[in-house]
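These are the residues of each chain, in order.
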Amino acid sequence: MRSPSGAVSAGRALGGSRAGGASHGWVIGFTLVLALLGWGALAVLEQYIRRARTIWTVIAIAVLMLSFVPILGVEATSGTKSMLSLMHLAVAAVLIPRLRRSAPKPRATT
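Visitor: How should I be thinking about the packing of aromatic side chains in this particular structure?
Guide: Centre-to-centre distance and the angle between the planes together describe a pair of aromatic rings. This model, assessed by the stated rule, comprises 1 aromatic pair. Summarising the aromatic geometry, the rings of Trp26 and Phe30 are spaced 5.3 Å apart at their centres and angled 5 degrees between planes, so their arrangement reads as stacked. Of the two residues, Trp26 and Phe30 both sit in helix α2 (residues 24-48), 4 residues apart, roughly one turn of that helix. By relative accessible area, which is 54% here, Trp26 ends up exposed.

Right, dumping it as structure tokens:
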């Protein structure tokens, strides 16, 4: 919806109906797919590596850092870049500790 001045309203922009926008469903779906990939990676590491939680945590943080590279390279307003960065941080703040806790604790070897 356009205002009398011709500007696109925030609701339409957030809904992803304009070029380059992402809908809420797309963002949630992509986040769920990546969360499942992270969970799967942790499960595979647990099968083969003794310190799987620690190694997975390092990998997860490295992936988080790499996720900021496209944000820096995209042509967008600083507000958009800030919001994307906050979304990445929010997802990581929930997923990394939650998935890390879901992994079994390493057994003590004596």
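Here the narrative resumes, following the displayed structure.
Visitor: Is there a simple way to think about the confidence of the model for the protein chain in this case?
Guide: The predicted coordinates ought not to be read in detail in places where the model reports low pLDDT. With 75% of its residues at a pLDDT of 70 or more, the protein chain has an overall mean of 81. When the elements of the protein chain are averaged for pLDDT, helix α1 (residues 10-15) gives the smallest value, 44, and helix α3 (residues 52-73) the largest, 93. Per-residue pLDDT stays below 50 along residues 6-17; that stretch engages in 15 contacts with residues further than four places along the chain or on separate chains.

Visitor: Is there a simple way to think about the nonpolar core in this case?
Guide: The nonpolar side chains of soluble globular proteins are, as a tendency, buried together. Judged by nonpolar contacts, Leu42, Leu45, Ala52, Trp56, Ala60, Leu64, Phe68, Ile71, Ala92, Ile96, Leu99 and Ala103 together constitute the single largest core of 12 residues. Those residues in contact with Ile71 that lie beyond four places of it in its chain are Lys81, Leu84, Ser85 and His88.

Visitor: Please clarify how the environment of Val91 should be interpreted in this entry.
Guide: By secondary structure assignment, the location of Val91 is in helix α4 (residues 78-102). For the pair formed by Val91 and Ala35, sequence separation is 56 residues and the distance between their alpha carbons is 9.1 Å.

Visitor: Which parts of the structure should I look at to understand α3?
Guide: For an α-helix, the turn length of 3.6 residues means that residues three or four places apart are oriented alike. The terminal C-alpha atoms of α3 lie 33 Å apart, and with 22 residues this matches the ideal 32 Å at 1.5 Å per residue to within 8%. Within the span of α3, buried status applies to Ala52, Arg53, Trp56, Thr57, Ala60, Leu64, Phe68 and Ile71. The buried residues of α3 occupy an angular sector of 150 degrees when projected down its axis, which confines them to one face. Exposed side of α3, more than 90 degrees from the buried face: Val58, Leu66, Val69, Leu72 and Gly73 are the residues found there.

Visitor: When you look at a nonpolar patch on the surface in this model, what are you seeing that I'm missing?
Guide: Taken together, Val44, Tyr48, Ile49, Ile55, Ile59 and Val63 make up a surface patch of nonpolar side chains, about 580 Å² in accessible area. Within the residue set of the nonpolar patch, elements represented by two or more residues are α2 and α3. Per-element tally for the nonpolar patch: the top contributor is α3, with 3 residues. With relative accessibility at 33%, the residue Ile55 sits in the partly exposed group.

Parameters and conventions
- Residues numbered from 1 in each chain as written.
- Predicted model: local features only at pLDDT ≥ 70, side-chain atom pairs only at ≥ 80, totals over all residues.
- Heavy atoms only, no water.
- Phe/Tyr/Trp six-rings, centres within 6.5 Å; stacked < 30°, edge-to-face > 60°.
- Helix = DSSP H or I, 4+ residues; strand = E, 2+ residues; numbered from the N terminus.
- Buried < 20%, exposed > 50% of the residue type's maximum accessible area, 1.4 Å probe, protein only.
- pLDDT = per-residue confidence, 0-100.
- Contact = heavy atoms within 4.5 Å.
- Core = buried A, V, L, I, M, F, W, Y, C linked by side-chain atoms within 4.5 Å.
- Expected span 1.5 Å × (residues − 1).
- Arc of directions from axis to C-beta.
- Patch = residues over 30% accessible without salt bridge, like charges linked within 9 Å, V, L, I, M, F, W, Y side chains within 5 Å.
- Areas by Shrake-Rupley, 256 points an atom, 1.4 Å probe, with all protein chains shown as cover.
- Salt bridge = Lys/Arg side-chain N within 4 Å of Asp/Glu carboxyl O.

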